[in-house]
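# Secondary and tertiary structure notes
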Amino acid sequence: MSKPHPQDRLYSQDHEWVKTESDTVVVVGITDYAQEMLTDIVFVELPQAGRKVKKGDAMAVVESVKSVSDVYAPVSGEIIDTNTALENTPDLINSDAFGEGWIAKIKLDDANELQSLLTADAYEALIKEETH
Amino acid sequence: MKQTPLYERHVALHAKIIDFGGWAMPVQYSNVIDEHRTTRICAALFDICHMGEIEVKGPQALDLLQAALTRNLTDQRIGQVKLSALLNDQGGVIDDLTVYKFQDDLYWLVTNATPRERDVLRVTALLRNLKFDCRVEDISDRIGKLDLQGPQSEKILQPLAGTDLSAIPYYHFRESTVAEIPAIVSRSGYTGEDGFEIYAAADHIASIWDRLLDMGAPIGLKPAGLGARDTLRLEAGMMLNGQDITEEVCPLEVPYAWLVDWNKDFAGKAPLLACREKGIRRRLIGFEIIGRGIARNGYKVYAGEKEIGRVTSGSFSPTLNKAIGLAFVDVEYAQPATRLTIAIRELRAQAVVVNLPFYKRKKKTLTAKEDV
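### Looking at the overall build of chain A
Within chain A, the regular secondary structure consists of four helices and nine strands. Reading chain A from its N terminus to its C terminus gives the helix and strand order β-β-β-α-β-β-β-β-β-α-α-β-α. For chain A, buried positions account for 43% of its 132 residues.

### Points about the overall build of chain B
In terms of regular secondary structure, chain B is built from eight helices and 20 strands. C-alpha extents for chain B along the principal axes are approximately 60 × 50 × 45 Å. The contacts in chain B between residues at least 6 apart in sequence include a share of 67% that link residues at least 24 apart.

### Things to note about the interface of chain B and chain A
One widely used convention gives an interface's size as the accessible area the parts lose upon coming together. The partner chain A presents nine residues to the twelve residues of chain B that form the contact. Secondary-structure elements contributing two or more residues to the side of chain B that touches chain A are β3 (23-28), α2 (32-41), α7 (226-235) and β17 (306-317) of chain B.

### A short note on the environment of A:Ile30
Inspection of the secondary structure assignment puts A:Ile30 in strand β3 (residues 25-30). Note: C-alpha distance between A:Ile30 and A:Tyr11 (19 residues apart in sequence) is 9.0 Å.

### Topic: the sheet that holds strand β1 (residues 10-11) of chain A
Residue and element names in this part refer to chain A. Spatially, six strands are ordered β1-β2-β3-β9-β8-β5 in an open sheet, and the strand pairing comes out antiparallel. Strands with a single pairing partner mark the edges of an open sheet, and in this sheet they are β1 and β5 (52-53). Across two bridges, the pairing between β1 and strand β2 (residues 16-20) is antiparallel. Paired with leucine 10 across the bridge in β2 is valine 18.

### Structural notes on the domain arrangement of chain B
Here chain B is described as being made up of domain 1 (2-48 + 141-235), domain 2 (53-140) and domain 3 (281-354). Once you take the C-alpha centre of each, domain 2 of chain B and domain 3 of chain B turn out to be 34 Å apart.

### Some thoughts on unusual backbone geometry
Excluding glycine, residues mostly have negative phi values, and the peptide bonds linking residues are mostly trans. All names here are of chain B. That bond from leucine 356 to proline 357 is cis: its omega, -5 degrees, falls within 30 degrees of zero. A positive phi is found at tyrosine 171, a non-glycine position, where the angle reads about 60 degrees. Among the secondary structure elements, tyrosine 171 is positioned in the loop between α5 (153-157) and β11 (173-178). Look at asparagine 321: it is not a glycine, yet its phi comes out positive at around 60 degrees. One can find asparagine 321 in the loop between β17 and β18 (322-330).

### Regarding the packing of helix α3 (residues 61-68) of chain B against helix α4 (residues 116-130) of chain B
All names here are of chain B. Two numbers describe how α3 lies on α4: the axes approach to 10 Å, and their chain directions differ by 115 degrees. One way to sum up the angle between α3 and α4 is to call them roughly perpendicular. As for the relative orientation of α3 and α4, their crossing is right-handed in sense. Here α3 contributes Leu64, Ala67 and Ala68 to the contact with α4, which in turn contributes Val123, Leu126, Leu127 and Leu130. Looking at the contact of α3 with α4, its residues break down into seven nonpolar, no polar and no charged.

### Re the nonpolar core
Looking at soluble globular proteins, one finds that nonpolar side chains tend to be buried together. In this structure, B:Ile198 and B:Ile208 are the most contacted members of the largest nonpolar core, which totals 134 residues. If we ignore the near neighbours within four places in the chain, the residues touching B:Ile208 are B:Leu146, B:Val178, B:Ala179, B:Ile181, B:Ala183, B:Ile198 and B:Ala200.

Rules of the game
- Residues numbered from 1 in each chain as written.
- Chains lettered and ligands numbered in written order.
- Predicted model: local features only at pLDDT ≥ 70, side-chain atom pairs only at ≥ 80, totals over all residues.
- Helix = DSSP H or I, 4+ residues; strand = E, 2+ residues; numbered from the N terminus.
- Buried ≥ 20, exposed ≤ 12 C-beta atoms within 10 Å, placed from the backbone.
- Contact = placed C-beta atoms within 7 Å.
- Pairing = 2+ DSSP bridges.
- Domains from an automatic or database assignment.
- Axes fitted to C-alpha atoms, helices over the stretch in contact; angles between N-to-C directions.
- Parallel < 35°, antiparallel > 145°, perpendicular 65-115°, else oblique.
- Left-handed = near helix turned anticlockwise from the far one by under 90°.
- Nonpolar A, V, L, I, M, F, W, Y, C, P; charged D, E, K, R; others polar.
- Core = buried A, V, L, I, M, F, W, Y, C linked by C-beta atoms within 7 Å.

Written out as structure tokens, the structure is:
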């Protein structure tokens with residue numbers, strides 16, 4: 001089973017997590033549940049820093065041996081940093097999806113958008129539904 | 001979806017199940033890379049019950065197979081396996097299948113899962129026209145098949161086998177027993193490793209599965225799914241029917257020219273001859289990606305700005321730790337060391353044509369004659 005979901009962040013229905021770093025900047029990654037579904041991640045295509053994304057845009061690509069999956073921007077804003085460690089060690093997402101396996105930092109267009117995301121408990125309820 | 005006799009076991013092992021040509025098959029139990037590496041360094045067990053078996057029996061069984069298949073089978077010995085091709089009337093490949101010779105008047109065709117019914121129709125139609133004294137029967141539903149693959153396979157199977165496995169050369173088989181159950185043990189496979197394909201009655205195949213996993217677990221044997229099977233065969237330069245090979249592909253365009261015996265008649269020979277005289281325009285090649293990115297089935301291949309082909313198989317290679325694949329390209333770009341680019345989303349990835357296979361196991365110096 002996937003690890004418990006940290007309470008210090010929010011979640012999207014598409015299995016991304018969003019952690020507030022400052023008033024205007026969030027860190028984004030995919031959840032442990034998502035990495036478990038993907039298994040053995042062997043390639044991550046990161047977004048360009050400076051790129052503007054709208055909530056729901058495909059902003060990164062995560063590939064396992066057998067599959068290709070988009071990572072969607074959980075909020076709108078500008079990509080200001082990416083986790084370049086994933087270029088050589090993409091399996092950081094498998095080993096530490098909520099920490100070392102972060103994907104990008106986004107400067108928020110509108111902090112109010114965070115209110116549309118799920119709490120850890122609500123996200124857990126969602127994946128329970130998916131797995132049953 | 002159709003289920004193999006092992007379906008309940010896959011579910012109990014928490015395998016991820018996918019639809020493969022109408023069959024509910026395990027794609028992975030733990031993860032593809034682990035199952036792949038286990039096969040390369042130890043051994044893995046695969047449920048291959050979805051593949052087909054067609055029995056050809058009667059005094060003129062060989063005559064029918066000679067007329068139906070591209071390869072000359074007159075020199076095939078009892079207990080020998082031969083790879084061959086079954087073509088359609090346009091010279092396209094319906095199936096690349098193996099021929100098992102049990103007796104002078106008894107053969108099996110072991111078919112891929114997807115073309116099985118087309119194989120039966122094709123061979124039956126040829127028999128109807130040629131009126132040879134033999135019969136053709138699809139026995140797939142009565143037969144189960146397991147592949148035990150990897151360097152430790154012989155060590156794991158020997159204590160359960162009713163025959164001396166070291167005496168079975170590559171691409172040969174024995175009618176014997178496994179776990180006291182009548183079984184056909186064939187030294188062959190689809191991974192590029194030493195190993196065995198085991199056939200037994202569908203009703204009993206689960207007992208063999210259980211006993212092999214029990215016997216092999218202390219040595220490191222694990223079950224493996226179609227995901228690892230696919231990356232293993234790709235590294236070994238083996239083609240996947242329905243993906244690399246379709247009925248639109250002629251054997252001269254892929255590394256199967258060696259399966260064609262021009263000195264005999266076979267169904268589909270005339271268009272194939274025409275193709276040989278005209279020359280082929282495209283060829284299936286192996287490629288490696290230089291740098292980052294993984295090419296997948298369907299991605300476009302370019303030389304400069306010119307589109308010259310399509311990827312048919314592409315994956316990350318767990319053994320080579322890089323992205324590899326097979327692609328159809330215009331013949332002028334098929335030479336090894338030719339530089340290509342492949343469109344991976346917005347990226348144009350650099351690739352280079354390489355010789356097949358990508359991976360070749362170190363062979364023991366055995367007496368077994370390598371005569372596929």
